[in-house]
Amino acid sequence: MNQLKKLSRWSLEEARGVGHILVVRCGLCNVTRRFLPDDILKLRKNTTITRLRFICQECHKRDYMDVTVYLPSSSEIGKLPVRRLASVREVKVPVWRDETL
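Quick notes on the rules
- Residues numbered from 1 in each chain as written.
- Predicted model: local features only at pLDDT ≥ 70, side-chain atom pairs only at ≥ 80, totals over all residues.
- Heavy atoms only, no water.
- Helix = DSSP H or I, 4+ residues; strand = E, 2+ residues; numbered from the N terminus.
- Rg over C-alpha atoms; globule rule 2.2 N^0.38 Å.
- Buried < 20%, exposed > 50% of the residue type's maximum accessible area, 1.4 Å probe, protein only.
- Pairing = 2+ DSSP bridges.
- Axes fitted to C-alpha atoms, helices over the stretch in contact; angles between N-to-C directions.
- Salt bridge = Lys/Arg side-chain N within 4 Å of Asp/Glu carboxyl O.
- Phe/Tyr/Trp six-rings, centres within 6.5 Å; stacked < 30°, edge-to-face > 60°.
- Lys NZ or Arg CZ within 6 Å of the ring centre and 35° of its normal.
- Core = buried A, V, L, I, M, F, W, Y, C linked by side-chain atoms within 4.5 Å.
- Contact = heavy atoms within 4.5 Å.

Enquirer: What is the right way to look at the overall build of the protein in this model?
Expert: Along the backbone of the protein there are three helices and three strands. Counting from the amino terminus, helix and strand elements in the protein follow one another as α-α-β-β-α-β. Relative to its length of 101 residues, the protein is extended, with a C-alpha radius of gyration of 17 Å against a globular reference of 13 Å. Here the C-alpha coordinates of the protein stretch approximately 70 × 30 × 30 Å along the principal axes. For the protein, the residues scored as buried account for 24% of the 101 residues in total.

Printed below as a string of structure tokens:
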């Protein structure tokens, strides 16, 4: 089966249950990052892998991003660099309204 067709039905919950790692690659600056589906689920609701949208942290573009899944072998566990979610910051944005005095 074609990988793209498979990913169109594969959700983050299913990837977490199997033990997959999300591999996000920027085609423009050739940077590859790996994420755990559990960390992505803390930020977003459960969705299919093809609906995930990332912005490259190097070139700040989203047009060239490619998301795939990867099942690490037992020899790679403990040696594979993975980006983990450290904390989530809330940004305060002022909301203004016009009034007459």
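We are not done yet, so read on.
Enquirer: Mind showing me how you'd approach the sheet that holds strand β3 (residues 65-70) here?
Expert: The pairing of strands in a sheet happens through backbone hydrogen bonds and is either parallel or antiparallel. The antiparallel open sheet is built from three strands, whose spatial order is β2-β1-β3. Only two strands of the sheet have a single partner each, and these edge strands are β2 (32-35) and β3. Neighbour-to-neighbour, the strand axes of the sheet open up by a mean angle of 25 degrees, direction not taken into account.

Enquirer: Quick question: what am I supposed to make of the pattern of salt bridges here?
Expert: For side chains of opposite charge, pairing can occur when their charged atoms come near one another. By the definition in use, this model includes six salt bridges. A salt bridge links Glu58 to Arg33, with the shortest nitrogen-to-oxygen separation between them at 3.1 Å. Of this pair, Glu58 sits in the loop between α3 (37-43) and β3 while Arg33 sits in strand β2, and the two are 25 residues apart along the sequence. On the accessibility criterion, Arg33 (23% relative accessible area) is partly exposed. Where Asp39 meets Lys42, a salt bridge forms, and the shortest distance between an N and an O atom there is 3.9 Å. Of this pair, Asp39 and Lys42 both sit in helix α3, three residues apart, which is roughly one turn of the helix. Asp39 gets classed as buried once you look at its relative accessible area, which sits at 4%.

Enquirer: Is there a simple way to explain the packing of aromatic side chains in this structure?
Expert: Any aromatic ring pair is given by two values, namely how distant the centres are and how the planes are angled relative to each other. Throughout the structure, instances matching the rule amount to one aromatic pair. In this arrangement the basic side chain of Arg44 is found over the ring face of Phe54, its NZ or CZ atom lying 5.3 Å from the centre.

Enquirer: It is not clear to me how the nonpolar core should be interpreted in this structure. Could you clarify?
Expert: A general trend in soluble globular proteins is that nonpolar side chains are found buried together. Counting 12 residues, the largest nonpolar core consists of Leu12, Ala15, Leu22, Val24, Phe35, Ile40, Leu41, Ile49, Leu52, Phe54, Val67 and Val69. Those elements giving two or more residues to this core turn out to be α2 (12-18), β1 (21-26), α3 and β3. Beyond its immediate chain neighbours, meaning those up to four positions away, Leu12 contacts Leu22, Pro37, Ile40, Leu41, Lys45, Asn46, Thr47, Ile49 and Leu52.

The quantities given are spatial measurements derived from coordinates; they are silent on function.
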